[in-house]
Amino acid sequence: MKFTETEIKGLFIIEDFHVEDERGSFTKTYNRSLFKNNKLKGKFKESFYSVSKRDVIRGMHFQLPPHDQDKMVYVTRGKIIDVILDLRKKSKTYGQVFSIELSEEKRNSLYIPKGCAHGFKSLEDDSTVVYDVTTVHSPESDSGIRWDSFGYDWKTNIPLMSEKDKNLMEFSEFKKKNPF
Ligand SMILES: Cc1cn([C@H]2C[C@H](O)[C@@H](COP(=O)(O)OP(=O)(O)O[C@H]3O[C@H](C)C(=O)[C@H](O)[C@H]3O)O2)c(=O)[nH]c1=O
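Residues numbered from 1 in each chain as written. Predicted model: local features only at pLDDT ≥ 70, side-chain atom pairs only at ≥ 80, totals over all residues. Heavy atoms only, no water.

- An unreviewed UniProt entry lists the protein under the name dTDP-4-dehydrorhamnose 3,5-epimerase, from Ilyobacter polytropus.
- Among the UniProt annotations of the protein, the heading Function (unreviewed entry) holds the following wording: "Catalyzes the epimerization of the C3' and C5'positions of dTDP-6-deoxy-D-xylo-4-hexulose, forming dTDP-6-deoxy-L-lyxo-4-hexulose."
- Word for word, the UniProt comment on the protein under Sequence similarities (unreviewed entry) is "Belongs to the dTDP-4-dehydrorhamnose 3,5-epimerase family." (UniProt positions renumbered as here; feature names shortened; annotations may be inferred.)

Listed below in structure tokens is the structure:
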């Protein structure tokens, strides 16, 4: 496994351990001591996955304190553009966006620290995104920022989205009551 911290503090790209043989392949996405040795101390409490058609956008999501969470995401089928927005007021990269292609082929993961909003656009049908998160789901603290309100070019005009995501608050609105 190879860990590379991005310009956004605490946001790491992970090249997963992967081997192939005549049967197929084997990929490892988590090892506690390797993560700890690379400053990733989050203990995962829940894991879930979603399957998305091409051109689906999910996000930008986060849980509010005290249920805010570190999140690791990776793709076991298909390809996505994963997008992160730094919401931490004291961060040098507050308001900065990071994006990366995550895919079954690249076998890469993204470790996202609490205080960041997360979303993605699916580039293929049936893109399967797995999440490992460090706090359990808390519906009352489930929040988000609208996909088209923070200056990122998703390179799509009519994405497939949930009504919930279409009606999330704008980043300018969120800034007035930012708890991070
Ligand atoms: C996250 C979650 C959701 N749910 C329920 C709530 C809804 O009834 C249903 C789908 O939830 P939602 O529409 O929020 O799922 P996504 O839009 O795919 O959100 C996900 O994708 C974006 C990009 C993320 O970063 C979020 O962490 C992740 O929640 O599952 C649960 O019961 N438990 C959970 O932990």
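Right, picking up where we left off after that structure.
## Quick notes on the side chain of S143
Step number 1: Turning to its location among the elements, S143 is positioned in strand 13 (residues 142–144).
Step number 2: Apart from residues lying up to four places away in sequence, S143 is in contact with M60, H61, F62, L64 and M169. (Helix = DSSP H or I, 4+ residues; strand = E, 2+ residues; numbered from the N terminus. Contact = heavy atoms within 4.5 Å.)

## Considering the site of the ligand
Step number 1: In the vicinity of the ligand, the residues found are E46, F48, R58, H61, K71, H118, G119, Y131, H137 and K164.
Step number 2: Between the ligand and the protein, one listed contact pairs an oxygen atom with a side-chain N or O atom of R58 at 2.8 Å.
Step number 3: For the ligand, an oxygen atom lies 2.7 Å from a polar atom in the side chain of H118.
Step number 4: The protein chains hide 63% of the 650 Å² of surface that the ligand would expose on its own.
Step number 5: In this structure, the ligand is accommodated by the largest pocket.
Step number 6: When its residues are assigned to classes, the shell around the ligand shows 2 nonpolar, 4 polar and 4 charged. (Near = heavy atom within 4 Å. Polar contact = N/O pair within 3.5 Å; in protein donor to acceptor, adjacent residues only side chain to side chain. Areas by Shrake-Rupley, 256 points an atom, 1.4 Å probe, with all protein chains shown as cover. 1 Å grid on protein atoms, 1.4 Å probe; cavity = no way out; pocket = protein on both sides within 12 Å on 5 of 7 lines; lining within 4 Å. Sits in = over half its atoms within 2 Å of the grid points. Nonpolar A, V, L, I, M, F, W, Y, C, P; charged D, E, K, R; others polar.)

## Some remarks on the sheet that holds strand 5 (residues 46–52)
Step number 1: The strand order 1-2-10-7-12-5 describes an open sheet built from 6 strands, whose pairing is antiparallel. On the outer flanks of this sheet lie strand 1 (2–5) and strand 5, each paired with one strand and no other. The average undirected angle you get between the axes of adjacent strands in this sheet is 20 degrees. (Pairing = 2+ DSSP bridges. Axes fitted to C-alpha atoms, helices over the stretch in contact; angles between N-to-C directions.)

## Overview of the UniProt feature "active site" (unreviewed entry) in the protein
Step number 1: Sequence positions flagged by UniProt for "active site" (unreviewed entry) are, in local numbering, H61 and Y131. These annotated residues cover 71 residues of sequence, and their C-alpha atoms all fall within 12.5 Å of one another, placing them together at a single site. Checked against the lining of the largest pocket, the annotated residues just named reduce to H61 and Y131.
Step number 2: Note that H61 resides in strand 6 (residues 57–63).
Step number 3: With sequence-adjacent residues up to four places away left out, H61 is seen in contact with K71, C116, A117, H118, S143, G144, K164, D165 and L168.
Step number 4: Look past the residues within four positions of Y131 in its chain and what remains in contact with it is E46, S47, F48, Y49, S50, K71, M72, V73, H118 and F120.

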